[in-house]
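Per-entry structural report
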Amino acid sequence: LPWPVPQANGLGGIPIEQWVSLLERASACLHDPLLGLHLGQTITPRHIGVLGYVLLASPNLASALTRLERYQRLVYDVTPMHRRDGDGYIDLVWGDEQGRPGTLSDDTSITALMHFCRGLTQHPVYPREVHFLNPAPADVAPYREYFGCPVLFDQPETMVRVGIEALAMPLKSADPGLVALLESQADQLLEQLPQEDAFIDRVRKTTVLQLHAG
């Protein structure tokens, strides 16, 4: 497969099918069934361009996750992340309404997200629960060890539950002046992406919430 060529404006990307194929080939060559769990721990905010710097400059974890939801299409335009508020926690949720990229892709993404959070905050962040759509691996212990919480598989959605105590954590590199400048740049990049119909997007989000509610 050809190596992806980055674009000057930072919007370069590859089809999800190619990304999954690259992960599968790497996993086979390295004989590493847990490649996603290992690879995700090497990805930092600086690897994802302007969005990464927006996250780094945010004042606390709650604001960083809000900005991640707002600008997620700059780095991942397949299954959107939605925030769902609970009693003393929030759930970051990915449904399967636009398909299932598979274990390696999901493992990499969720592990990278947690690695980001731990790298951004002044104290370690541990979620309360992590759910995966995908079937359970032969050994779930590495997942529980890394995430530091119950990890469930074969769930109706992929989900990371974060307590409100973690959301208030200040970030190491918070910079209110810089984050405003970076958001302006991120907004410009977002406007260059193909725009989805707003009504369709609202229907999608509502459907996911209603399915979860039964």
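Residues numbered from 1 in each chain as written. Predicted model: local features only at pLDDT ≥ 70, side-chain atom pairs only at ≥ 80, totals over all residues. Heavy atoms only, no water.

1. Here we look at the packing of helix 4 (residues 61-71) against helix 8 (residues 176-192)
Applicable threshold: Between the N-to-C directions of two axes lies an angle of 0 to 180 degrees, each axis being a line fitted to C-alpha atoms and, for a helix, fitted only over the stretch in contact. Per the convention used, a helix needs a DSSP run of H or I reaching at least four residues, while a strand needs a run of E reaching at least two, with both numbered from the N terminus. For classification, angles of less than 35 degrees are called roughly parallel, those exceeding 145 degrees roughly antiparallel, those between 65 and 115 degrees roughly perpendicular, and all remaining angles oblique. Should the near helix be turned counterclockwise from the far one by less than a right angle, the crossing is left-handed, whereas a clockwise turn marks it as right-handed. Throughout, a residue-residue contact means that at least one pair of heavy atoms, one from each residue, lies within 4.5 Å. In this classification, the charged set is Asp, Glu, Lys and Arg, the nonpolar set is Ala, Val, Leu, Ile, Met, Phe, Trp, Tyr, Cys and Pro, and all remaining amino acids, among them Gly, are polar.
At a minimum axis distance of 11 Å, the contact between helix 4 and helix 8 shows a crossing angle of 20°. Viewed along their axes, helix 4 and helix 8 adopt a mutual orientation that is roughly parallel. Seen along the crossing, helix 4 lies across helix 8 with a hand that is right-handed. Between helix 4 and helix 8, the residues in contact are Arg-67, Arg-70 and Tyr-71 and Val-179, Glu-183, Ala-186, Asp-187 and Leu-190, respectively. Partitioning the contact of helix 4 with helix 8 into residue classes produces 4 nonpolar, no polar and 4 charged.

2. A word on the pattern of salt bridges
The condition that has to hold: Any carboxyl oxygen of Asp or Glu that lies within 4 Å of a side-chain nitrogen of Lys or Arg is treated as forming a salt bridge with it. Exposure is judged per residue with a 1.4 Å probe applied to protein chains only, and the accessible area is read against the type maximum: over 50% gives exposed, under 20% gives buried, and values in between give partly exposed.
This model, assessed by the stated rule, comprises 10 salt bridges. Note that Arg-70 and Asp-187 form a salt bridge whose closest N and O atoms lie 3.0 Å from each other. One end of the pair, Arg-70, is in helix 4; the other, Asp-187, is in helix 8, and 117 residues separate them in sequence. Owing to a relative accessible area of 24%, Asp-187 belongs among the partly exposed residues under this scheme.

3. So, helix 1 (residues 16-30)
Counted only if it meets this: By this rule, a helix spans an expected 1.5 Å times one less than how many residues it contains.
The first and last C-alpha atoms of helix 1 sit 21 Å apart over 15 residues, in line with the 21 Å expected at 1.5 Å per residue. Among the residues making up helix 1, those that are buried are Ile-16, Gln-18, Val-20, Leu-23 and Ser-27. Where helix 1 is buried, its residues contact helix 2 (35-40) and helix 5 (103-120). One or two positions beyond helix 1, positive phi appears at His-31, with a value near 55°.

4. Some thoughts on unusual backbone geometry
In this model, His-31 sits at a positive phi of 55°, which is unusual for a non-glycine residue. Here His-31 is to be found in the loop between helix 1 and helix 2. The exposure class of His-31 is exposed, given its relative accessible area of 70%.

5. Overview of helix 5
When the terminal C-alpha atoms of helix 5 are compared, their 26 Å separation across 18 residues agrees well with the 26 Å that a helix rising 1.5 Å per residue should span. The buried count for helix 5 comes to 14 of 18 residues, which makes it a mostly enclosed element.

6. Side note on the environment of Pro-124
Looking at where Pro-124 falls in the secondary structure, it is placed in the loop between helix 5 and strand 3 (129-131). Between the alpha carbons of Pro-124 and Met-169 there is a distance of 9.5 Å; along the sequence they are 45 residues apart.

7. Thoughts on empty space enclosed by the protein
Rolling a probe over the atoms, with the probe sized like a water molecule, indicates the empty space that remains. Here is the rule we go by: A 1.4 Å probe that fits into a set of points on a 1 Å grid over the protein atoms alone but cannot get out defines a cavity; an open set with protein on both sides within 12 Å along at least five of seven lines defines a pocket, and lining residues are those with an atom within 4 Å of a point. Grid points are joined across faces, edges and corners, and a volume is the space filled by probe spheres set on the points.
Throughout the structure, instances matching the rule amount to 1 cavity of 30 Å³ or more. Roughly 50 Å³ of internal volume is contained in the largest cavity. For the lining of the largest cavity, the elements supplying multiple residues, two or more each, are helix 4 and helix 5. A per-class count over the lining of the largest cavity returns 9 nonpolar, no polar and no charged.

8. Observations concerning the confidence of the model for the chain
Our working definition: pLDDT is a residue-level measure of predictor confidence that goes from 0 to 100.
The share of residues in the chain with pLDDT of 70 or more is 86%, and the mean pLDDT across the chain is 86. Put simply, helix 9 (residues 198-212) is where the chain has its lowest mean pLDDT, 64, and strand 4 (residues 151-152) is where it has its highest, 98.

9. As for the nonpolar core
Put simply, the rule is: Definition used in this section: a nonpolar core is a set of buried Ala, Val, Leu, Ile, Met, Phe, Trp, Tyr and Cys residues joined via side-chain atoms within 4.5 Å.
Core analysis: the largest hydrophobic core is formed by 49 residues, its most contacted members being Leu-55, Leu-65, Leu-74, Leu-92, Phe-132, Tyr-143 and Phe-147. Mapped onto this core, the elements with two or more residues apiece are helix 3 (49-57), helix 4, strand 2 (89-94), helix 5, helix 6 (141-147), strand 5 (158-163), helix 7 (164-167) and helix 8. Take this core: its biggest share by element is 7 residues, from helix 5.

10. A look at the packing of aromatic side chains
Rules: Each Phe, Tyr or Trp ring, with Trp reduced to its six-membered ring, pairs with another whose centre is within 6.5 Å; inter-plane angles below 30 degrees give stacked pairs, above 60 give edge-to-face pairs, and intermediate values give tilted ones.
On inspection of all chains with the given rule, the structure shows 5 aromatic pairs. Ring geometry for Tyr-143 and Phe-153: centres 5.2 Å apart, planes at 85°, overall edge-to-face. One end of the pair, Tyr-143, is in helix 6; the other, Phe-153, is in the loop between strand 4 and strand 5, and 10 residues separate them in sequence. Aromatic rings pair up to connect Phe-132, Tyr-143, Tyr-146, Phe-147 and Phe-153 into one cluster.

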